[in-house]
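What follows is the residue order along each chain.
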Amino acid sequence: MRRVYATPFCYHCGRGFLDSTPRTRDHVPSRAAFSAVDLTECPLILPAHESCNNSNTSTDKRMGQLVSLRHGSRRRRRKLESHLRAAAGPDGKVLCAMVGVDLKKAIWRWIRAFHAALYGEFLPDTPHCSVLPPLPAAHPAGGRMVPTPILPQYELFAELIKQSRNVGRLDSIRAFGSRLRYDCVWITAGDGRLVCVFALDLYGWSGLGSPNWGRQRCCMGHYLAPQGLPTNASHNPAKIALPLPACSPLDAFEEADS
Ligand SMILES: [Zn+2]
């Protein structure tokens with residue numbers, strides 16, 4: 001963790017630190033997500049510019065309030081209430097839905113921090129990524145909320161992570177008393193591109209999802225790193241035809257350009 005805090009660049013913007021732009025301590029995920037005890041147990045702290053760190057304050061608060069539902073803090077739960085709505089599910093039962101928080105965007109920022117921590121490289125924001133959230137999603141239809149179908153990538157990524165764990169080819173982070181568990185592996189996709197597939201757990205947060213809205217699922221995803229395979233990355237040589245989601249589904253030239 002000391003090595004991680006000595007990272008010579010800000011994981012948000014990739015720039016270094018000068019006297020005019022000093023480093024601040026950025027907990028990833030933010031401190032709001034953890035109990036007071038877990039916060040001191042091997043915390044993951046990366047250096048960041050104050051302005052970069054502060055630009056995500058409101059999202060960090062919301063994500064912290066969401067995660068802290070798993071370890072009980074009534075004060076934080078009340079603060080999240082403005083983002084919770086009662087919604088009629090497909091079977092007519094009333095369920096609790098969260099609105100107005102971009103889970104995927106918040107998680108993707110953490111993934112970029114984990115990449116910097118594991119490999120000492122800056123991972124720029126890229127459209128070549130996917131984040132599969134740990135909660136069921138739904139959309140309104142006919143006066144009710146209809147569950148969004150679960151993507152096939154969930155099963156494929158979970159199988160890949162488990163298989164790579166069995167052969168000892170995972171890169172891992174355990175932090176905040178192991179309440180944060182992050183595992184990833186690099187594979188060569190069917191088209192020859194190197195892809196990092198990851199899984200992320202925080203306090204067993206997939207348990208927040210109602211089973212009435214589909215099977216509980218882990219947070220997973222993938223990304224392509226512009227610099228290619230990091231030198232100290234774990235590579236699983238298995239060739240897997242990943243059904244990678246298109247970044248621009250309406251762009252017929254997307255494959256040709258990448
Ligand atoms: Zn920065």
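Note: the structure precedes this text.
Residues numbered from 1 in each chain as written. Predicted model: local features only at pLDDT ≥ 70, side-chain atom pairs only at ≥ 80, totals over all residues.

Engineer: Could you give me a rundown of the overall build of the chain, with the residues and numbers involved?
Structural biologist: Within the chain one finds eight helices and twelve strands. Counting only residues that meet the buried cut, the chain has 30% of its 258 residues in that class. (Helix = DSSP H or I, 4+ residues; strand = E, 2+ residues; numbered from the N terminus. Buried ≥ 20, exposed ≤ 12 C-beta atoms within 10 Å, placed from the backbone.)

Engineer: How would you summarise the pairing of strand S8 (residues 171-175) if you had to cite specific residues and measurements?
Structural biologist: Of the two faces of S8, only one is covered, namely that formed by Asp171, Ile173 and Ala175; the face formed by Ser172 and Arg174 stays uncovered. When S8 meets strand S9 (residues 180-189), the two strands line up antiparallel, connected through five bridges. Opposite arginine 174, over in S9, you have arginine 181 as the bridge partner. Hairpin connection from S8 to S9: four residues lie between these consecutive antiparallel strands, with phenylalanine 176 at a positive phi of about 50°. (Pairing = 2+ DSSP bridges.)

Engineer: Describe the nonpolar core, naming the residues involved and giving the relevant values.
Structural biologist: Counting 49 residues, the largest nonpolar core has Leu44, Leu46, Ala113, Ala117, Val197 and Phe198 as the members making the most contacts within it. Residue contacts for leucine 44: discarding those within four places in its chain leaves Met1, Val4, His27, Val28, Ala117, Ile173, Ala175, Phe176 and Leu180. (Core = buried A, V, L, I, M, F, W, Y, C linked by C-beta atoms within 7 Å. Contact = placed C-beta atoms within 7 Å.)

Engineer: Give me the lowdown on the environment of glutamate 50, citing residues and values where you can.
Structural biologist: By the element assignment, glutamate 50 lies in helix H3 (residues 50-54). Residue glutamate 50 is classed as partly exposed on the basis of its C-beta count, with 13 C-beta atoms lying within 10 Å. A C-alpha to C-alpha distance of 9.7 Å links glutamate 50 and cysteine 10, two positions 40 residues apart in sequence.

Engineer: Which residues make up the environment of phenylalanine 9, and what values do they have?
Structural biologist: Relative to the helices and strands, phenylalanine 9 resides in the loop between helix H1 (2-5) and strand S1 (23-27). Residue classification places phenylalanine 9 among the partly exposed residues on the basis of 19 C-beta atoms within 10 Å. Separated by 113 residues in the primary sequence, phenylalanine 9 and phenylalanine 122 have C-alpha atoms spaced 7.6 Å apart.

Engineer: Before we move on, can you summarise helix H6 (residues 103-119) with the specific residues and values?
Structural biologist: Here H6 spans 24 Å end to end across 17 residues, near enough to the 24 Å set by a 1.5 Å rise per residue. Within the span of H6, buried status applies to Ile107, Trp110, Ile111, Arg112, Ala113, Phe114, His115, Ala116 and Ala117. (Expected span 1.5 Å × (residues − 1).)

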